[in-house]
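Chain by chain, the residues run as shown.
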Amino acid sequence: DELVAWFGLNGGSPQANCHNALRAALVMQALLREVNRGLKEDFNIELGVSIGLHYGAAIVGTIGHTSHRQLTAVGDTINLAKRVESMNRECGTTLLATKELLGAVPVQLRTGHQVRTPLKGFTGEYELTEVLGFAERDALLIVQGTAEQLLGQADLFGPRFYENVFALAPEAAALFKRD
C-alpha cells in the first residue's frame, strides 16, 4: 500500500526534477478521480491517495544478495518525505510538500493549507504546504493527463490526440517538433 518514486536519478536540474515530481503527483490525483467515478457508480466505494514530497540528497544504490539485488534509497530526505506523507491525514489533505521542494519548483502553484509542525524523528518544525495544482496550465501535465482518455480510441488516437492537446495548450506544439 505504498509507492515511492525518486526523481533525478539520471541527473537533471533540481528545478526540473521537483517540477516533474509535482506533475506526477497531480496526474496520480487526476487519474484516481477518474477511477473513483467508476468505483463510486459501480460499487459505492472510493480509493484515497496520500502524497508527501520533499527535496534533498539521498544515498542510492543496489542492495541484497547477488541473486536478488534491488535499488534502494536511504537517508533523512527519504525518511522526511515519508513523515510528510503521513501528515496528510492530520491535515485533511492529500498532497503536501516541503518548502525545500517548493523552493526548487520554477513555476507558480495553487496552494491550500499551510502548517508548521514537528515531524516524528526530526528536530524542529517543518513548513508543509498543500499543493492543489499549477497556477497556470502546464503543457506536459495536460499531455500526461489526457493521454489515457484518448488511448481508449486506438484507431483515432494519433490525429485526435494532437488535435485535442494543441487545442487545449497551443504551447505544447513545441514539445512535439521533429528536427
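Each remark here, short or long, concerns the structure printed above.
Residues numbered from 1 in each chain as written. Predicted model: local features only at pLDDT ≥ 70, side-chain atom pairs only at ≥ 80, totals over all residues. Heavy atoms only, no water.

**Q** Outline the overall build of the protein, listing residues and values.
**A** Within the protein, the secondary structure is distributed over five helices and six strands. Listed N to C, the secondary structure of the protein is α-β-β-β-α-β-α-β-β-α-α in terms of helices and strands. C-alpha extents for the protein along the principal axes are approximately 55 × 40 × 40 Å. Per-residue burial for the protein yields a buried fraction of 31% across its 179 residues. Taking all contacts inside the protein whose residues are at least 6 apart in sequence as the whole, residues at least 24 apart take part in 56%. Carbon together with sulfur atoms contributes 53% to the accessible area of the protein, which is approximately 11,700 Å² in total. One way to put it: in the protein the 16 positive side-chain charges average out to a point 3 Å from where the 20 negative ones average out. (Helix = DSSP H or I, 4+ residues; strand = E, 2+ residues; numbered from the N terminus. Buried < 20%, exposed > 50% of the residue type's maximum accessible area, 1.4 Å probe, protein only. Contact = heavy atoms within 4.5 Å. Areas by Shrake-Rupley, 256 points an atom, 1.4 Å probe, with all protein chains shown as cover. Lys, Arg positive; Asp, Glu negative; His and termini not counted. Charge placed at Lys NZ, Arg CZ, Asp CG, Glu CD.)

**Q** Account for the sheet that holds strand S1 (residues 51-53), naming residues and giving values.
**A** Sheet architecture is open: four strands sit in the order S1-S4-S6-S5, paired in mixed fashion. Only two strands of the sheet have a single partner each, and these edge strands are S1 and strand S5 (109-118). Averaged over neighbouring strand pairs, the angle between their axes works out to 30° when direction is ignored. Both strand S4 (residues 95-98) and strand S6 (residues 125-134) contribute to a ladder of three bridges, which runs antiparallel. Opposite Leu96, over in S6, you have Glu130 as the bridge partner. Helix-sheet contacts for helix H1 (residues 14-43) involve S1, S4, S5 and S6, and the interaxial angle to S6 is about 60°. Against the sheet, helix H2 (residues 76-91) contacts S1, S4, S5 and S6, and its axis sits at roughly 135° relative to S4. (Pairing = 2+ DSSP bridges. Axes fitted to C-alpha atoms, helices over the stretch in contact; angles between N-to-C directions.)

**Q** Tell me about the pattern of salt bridges, and please be specific about residues and values.
**A** In this structure the tally under the stated criterion is six salt bridges. Of the charged contacts in the structure, one is a salt bridge between Glu34 and Arg37, with a shortest N-O distance of 2.3 Å. Linking Glu34 with Arg37, this pair stays in helix H1, spanning three residues, or about one helical turn. Among the ionic pairs, Arg116 bridges to Glu125, the shortest N-O distance being 3.8 Å. Residues participating in the shared-partner salt-bridge network are Arg116, Glu125 and Glu127. (Salt bridge = Lys/Arg side-chain N within 4 Å of Asp/Glu carboxyl O.)

**Q** Outline a nonpolar patch on the surface, listing residues and values.
**A** Residues Leu9, Val60 and Leu71 make up a contiguous nonpolar surface patch of about 250 Å² in total accessible area. By the element assignment, Val60 lies in strand S2 (residues 59-63). (Patch = residues over 30% accessible without salt bridge, like charges linked within 9 Å, V, L, I, M, F, W, Y side chains within 5 Å.)

**Q** Summarise the environment of Asn88; cite the residues concerned and give the values.
**A** Relative to the helices and strands, Asn88 is located in helix H2. For Asn88, a relative accessible area of 1% corresponds to the buried category. C-alpha separation for the pair Asn88 and Leu128, spaced 40 residues apart in sequence, amounts to 9.9 Å. Not counting chain neighbours up to four residues away, the residues in contact with Asn88 comprise Ser50, Ile51, Gly52, Thr93, Thr94, Leu95 and Leu96.

**Q** Just give me the short version of the pairing of S6, but keep the residues and values in it.
**A** By the criterion of burial, S6 is predominantly enclosed, with seven of the 10 residues buried. Taken together, the eight bridges between S5 and S6 define a ladder with antiparallel strand orientation. What sits directly across from Pro118, in S6, is Glu125. In this structure, the hairpin formed by S5 and S6 is closed by a connection of six residues, where Gly121 is found at a positive phi of approximately 90°.

**Q** Provide a residue-level description of the side chain of Asp138, including the pertinent values.
**A** Position of Asp138 among the secondary structure elements: in the loop between S6 and helix H4 (139-151). Among the residues examined, Asp138 registers a relative accessible area of 9% and is labelled buried. Not counting residues within four places of it along the chain, the set of residues in contact with Asp138 comprises His19 and Arg23.

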